[in-house]
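Report on the structure
Chain by chain, the residues run as shown.
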There are 2 protein chains.
Amino acid sequence: MRAYKDLSREELLTLKAELEASYEEAKGKGLKLDMSRGKPGVSQLDMGMALLDSLNSESDMKTLDGVDVRNYGSLEGITEAKYLMADMMGVHPENVIVCGNASLTEMYDAVCRSFTHGVMGSIPWCKLDKVKFLCPVPGYDRHFAITQHFGIEMINVPMTPQGPDMDMVEKLVSEDEAIKGIWCVPKYSNPQGYSYSDETVRRFAALKPAAKDFRIYWDNAYAIHHLYEDRQDEILDILSECEKAGNPDMVYEFCSTSKVSFSGAGIAAMATSKANMADIRKSLSIQTIGYDKVNQLRHVRFFKDYEGLKAHMRKHAALMRPKFEAVLGILSKELDGLGIGSWTNPNGGYFISFEAMDGCAKAIVAKCKEAGMVLTGAGATFPYGKDPKDSNIRIAPSFPTPEEMKQATSLFVLCVKLVSVEKLLADCQGA
Amino acid sequence: MRAYKDLSREELLTLKAELEASYEEAKGKGLKLDMSRGKPGVSQLDMGMALLDSLNSESDMKTLDGVDVRNYGSLEGITEAKYLMADMMGVHPENVIVCGNASLTEMYDAVCRSFTHGVMGSIPWCKLDKVKFLCPVPGYDRHFAITQHFGIEMINVPMTPQGPDMDMVEKLVSEDEAIKGIWCVPKYSNPQGYSYSDETVRRFAALKPAAKDFRIYWDNAYAIHHLYEDRQDEILDILSECEKAGNPDMVYEFCSTSKVSFSGAGIAAMATSKANMADIRKSLSIQTIGYDKVNQLRHVRFFKDYEGLKAHMRKHAALMRPKFEAVLGILSKELDGLGIGSWTNPNGGYFISFEAMDGCAKAIVAKCKEAGMVLTGAGATFPYGKDPKDSNIRIAPSFPTPEEMKQATSLFVLCVKLVSVEKLLADCQGA
């Protein structure tokens, strides 16, 4: 394969004509594919159906410590659910609050609470002229949407395969009191699938923030979402690392079973220090009498324990692998050596991150859409929807079938090629 | 029966000695009764167990319009749940958002959203020097806790059997731009069990608030919670009344199945104008991808429709009536004519409101507690926990059995008598 940049203008023009013909043909197929979000596929959801049998009209509705889950109370969740979610995050159960159906809501609430009431006695952010968050990029669009919604200024921090650029994080956090938080997906990051190295986690734990109310928003969304048996990432427990480093209160950790049981009907949890929990409780006890404990019990009865969770996730992995492999295989076969894109090959999580040539991402996404395939909007992986290089595209293989993923990826590489050729031609015209 | 106030000092002293002896005896019984909260009783919860069978591993998990409830999406709830909750509130489904497990959380979020982002473009309340709410009293402590949490000044408005003092509401709301809301439990109010008259609802709908972002927080918590077949309160639909009066956006209505299916594992809903819904959606779409649709579907499959809900609530009524009657019978038998207390006799809801002699409520609640019975804290039915007359006590008969309610009420009337005698003796000593 010759890299596109080494082709002559004439060769590029010939190639463009061929690609355009293929693209017209692809459009004619009337595809309808959605790779826009990290939605579980139907087969994966089917695997969780027995969850619905774990409680029925004959069930004992009391927890191990005698709480009737049908009634009011237990603000911080039932004990056995705390244990389950603690194991999932690798933390102690006494640091866990088991919540409602979505960790996203817990993150929103955490930011909102800080905005309205401050953090452990600090000035509420709504009273401050300026609040800033660090945002490792590319990252998760819904994180950025929360901070944007509260008028929080977002600062891009580049991601590396070991995690965010920690030199930059350390410098900014220690110098600027307006920086109150950082969004992290520490394991199988969204969208790159990178996992933070031990050194990164330790440097996080040892941060010396200028703001006392600085918190690390540690979204451990893919804690048990491995794709392979023999290639699994593990990360250090940030809570205990923070404690060791003398920063016990510096982190809010989040996780959920949205991508384990049912999306939107799972259970979510938060883990943090006792002092943070006491602070959170002040608002939480006003906001709710308690989360849905019946669903918490349903999950515990179904999964039983951490081993049960892991066994279930092995079944998910068996479904997900062929989808990822379909994408990776075609990307490699079609694009290796062309110099028009690179991509990640994660050991887990829900996404593959694709780096197109600068200035090409929007055009590629638009071309795909025109031919019937919806991708996550270009730019969505950056704060304010602005990818400075217009190069990052998030590929979400979870929802379509492996067969559809092949079709989708074939269309995708075609669009990448076409847009890249157009870009190179425009560049040499401009030169 | 002679009224206590007509007894001589000597007669009061003799009575006091008798009552004290009875009280010591009662204390000796080692009772453990909890009438502090409006918690459903165990038999009532047992009635809802078939809810858990309405979805199992064989169920069709699609809604009537084809949404897979196990996956992400449907921010405003599934269509059939909208219809069910709309019927419960007596509103149109297109005005309904079906939410999570608690209407309290929806109310908190509604206040919080106004605080952080304003209401339909108004200045966010966090930027204002002063925000006030009207609070019909006695009322629901958790409402007052929300407004207090956000630093909102609460103004007491007296309740009448027809609803809040509307002369006062109209005057205050029209004069003071800082008044942004009023807490209402329009049907079987907490704690008195009063229902707003048609005139009251129409006067609400016709309010001319000085503040454009004034909203009526209409907590229709007991919409279908009748106690009797032949004595049922009905109230006008505030949404359509507001629309008729040219104030379509003035109300947020809330309800839930917390006291229909399971407390804390039911489904909640909000009803409001299309314009308010569009405004709310801006925050809601950041806060969540969607509520628990599986539980929404579970409820619809179980209750089927409004008739199903009503049939279920007739069974609840059959359980609740003997508890209410146990209380009312003993109150009447023991206190009629003594002039030391009055109480409500509601047609529905969860509470009986007791008015002791001024200055006696705290002492009665303390006496009950000393003998093993926990009541809602005296003062809890008023903003800031301050009952200006120290006279109101909320009785919650829902959780104990009828037999326990008899024991509890016997102890209660004993404490009422004893504290009243002590008060009268202290008063004549003071005079």
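Predicted model only: the values in this text are computed from it and were never measured.

1. Considering the overall build of chain A
For chain A, the count of helices and strands is 13 helices and 13 strands. Its C-alpha atoms give chain A a radius of gyration of 23 Å, within 12% of the compact-globule value 22 Å for 431 residues. Taking the principal axes of the C-alpha coordinates as reference, chain A spans close to 75 × 55 × 35 Å. A buried classification covers 54% of the 431 residues belonging to chain A. Taking the contacts inside chain A whose residues are at least 6 apart along the sequence as the reference set, 77% of them involve residues at least 24 apart.

2. Points about the sheet that holds strand β5 (residues 163-164) of chain A
Residue and element names in this part refer to chain A. The 8 strands are arranged β2-β9-β8-β7-β6-β3-β4-β5 in an open sheet whose pairing can be described as mixed. The open sheet terminates on both sides in strands that have one partner only, identified here as β2 (96-98) and β5. The sheet contacts of helix α5 (residues 141-149) involve β3 (132-137), β4 (153-160) and β6 (179-184), and relative to β4 the element is tilted by about 160°.

3. Structural notes on the pairing of strand β13 (residues 392-395) of chain B
Residue and element names in this part refer to chain B. Covered by surrounding structure in β13 are Asn392 and Arg394 together with Ile393 and Ile395, the residues of both alternating faces. Where strand β11 (residues 352-356) meets β13, 4 bridges bridge the pair, whose relative direction is antiparallel. Its bridge partner lying in β13, Phe354 is registered against Ile393.

4. Digging into the domain arrangement of chain A
Residue and element names in this part refer to chain A. Per the domain assignment, the segments of chain A are domain 1 (4-45 + 310-430) and domain 2 (62-303). Distance between the C-alpha centres of domain 1 and domain 2: 31 Å. Taken together, the 26 residues of domain 1 in the interface contact 28 residues of domain 2. Mapped onto the side of domain 1 that touches domain 2, the elements with two or more residues apiece are α11 (306-335), β11 (352-356) and β13 (392-395). Of the residues forming the side of domain 1 that touches domain 2, the biggest block, 7 residues, is contributed by α11. The residue makeup of the side of domain 1 that touches domain 2, split by class, is 14 nonpolar, 8 polar and 4 charged.

5. Digging into the interface of chain A and chain B
The extent of an interface is frequently quoted as the accessible surface area lost upon association of the parts. Each side of the interface is counted separately: chain A has 45 residues, and chain B has 45 residues. Put simply, the parts of the chain that give the side of chain A that touches chain B at least two residues each are α4 (103-117), α5, α9 (274-287) and α10 (293-303) of chain A. Considering every element that reaches the side of chain A that touches chain B, the biggest residue donor is α4 of chain A, with 6 residues. Taken together, the residues of the side of chain A that touches chain B sort by class into 22 nonpolar, 16 polar and 7 charged.

6. What to know about the relation of the copies chain A and chain B
Screw-axis analysis of chain A against chain B gives a translation of 0.0 Å along the axis, an RMSD of 0.0 Å, and a rotation angle of 180°. Look at the turn and shift together and you get a two-fold axis relating the two. Of the residues that chain A buries at the interface, 100% are likewise interface residues in chain B, meaning the two copies contact each other through the same surface.

7. A word on the nonpolar core
Residues Ala269 of chain A together with Ala269 of chain B are the most contacted members of the largest nonpolar core, which totals 262 residues. Setting aside anything within four residues of it in sequence, one finds Ala269 of chain B in contact with Met85, Val96, Ile97, Val98, Cys99, Cys255 and Ser256 of chain B.

8. Brief notes about α5 of chain A
Among the residues of α5 of chain A, Asp141, Arg142, His143, Phe144, Ile146 and Thr147 of chain A are the ones counted as buried. Contacts made by the buried residues of α5 of chain A are with α4, β3, β4 and β6 of chain A together with α9 (274-287) of chain B. Immediately beyond the C-terminal end of α5 of chain A, within one or two residues, lies Gly151 of chain A, with a positive phi of roughly 70°.

9. Let's talk about the sheet that holds β11 of chain A
Where strands meet in a sheet, backbone hydrogen bonds hold them as pairs that are either parallel or antiparallel. All names here are of chain A. Ordered by their spatial adjacency, 3 strands build an open sheet running β10-β11-β13, and the pairing between neighbours is antiparallel. Edge positions in the sheet fall to β10 (341-343) and β13, since each of these pairs with one other strand and no more. The sheet shows a mean angle of 25° between the axes of neighbouring strands, direction not considered. In this structure, β10 lies alongside β11, joined through 3 bridges in antiparallel fashion. Its bridge partner being in β11, Ser342 is matched across the sheet by Glu355.

10. Digging into unusual backbone geometry
Residues and elements named next belong to chain A. Here the bond from Asn190 into Pro191 is cis, since omega is 10°, no more than 30 degrees from zero. Turning to its location among the elements, Pro191 is positioned in the loop between β6 and α7 (198-205). With phi around 55°, Ser74 is a residue other than glycine that occupies positive phi space. Checked against the element boundaries, Ser74 lands in the loop between α2 (42-46) and α3 (79-89). The phi dihedral of Tyr384 falls on the positive side, at around 60°, and the residue is not glycine. With 13 C-beta atoms counted inside 10 Å, the residue Tyr384 sits in the partly exposed group.

The rules we used
Residues numbered from 1 in each chain as written. Chains lettered and ligands numbered in written order. Predicted model: local features only at pLDDT ≥ 70, side-chain atom pairs only at ≥ 80, totals over all residues. Helix = DSSP H or I, 4+ residues; strand = E, 2+ residues; numbered from the N terminus. Rg over C-alpha atoms; globule rule 2.2 N^0.38 Å. Buried ≥ 20, exposed ≤ 12 C-beta atoms within 10 Å, placed from the backbone. Contact = placed C-beta atoms within 7 Å. Pairing = 2+ DSSP bridges. Axes fitted to C-alpha atoms, helices over the stretch in contact; angles between N-to-C directions. Domains from an automatic or database assignment. Nonpolar A, V, L, I, M, F, W, Y, C, P; charged D, E, K, R; others polar. Least-squares fit on C-alpha atoms with pLDDT ≥ 70 in both. Core = buried A, V, L, I, M, F, W, Y, C linked by C-beta atoms within 7 Å.

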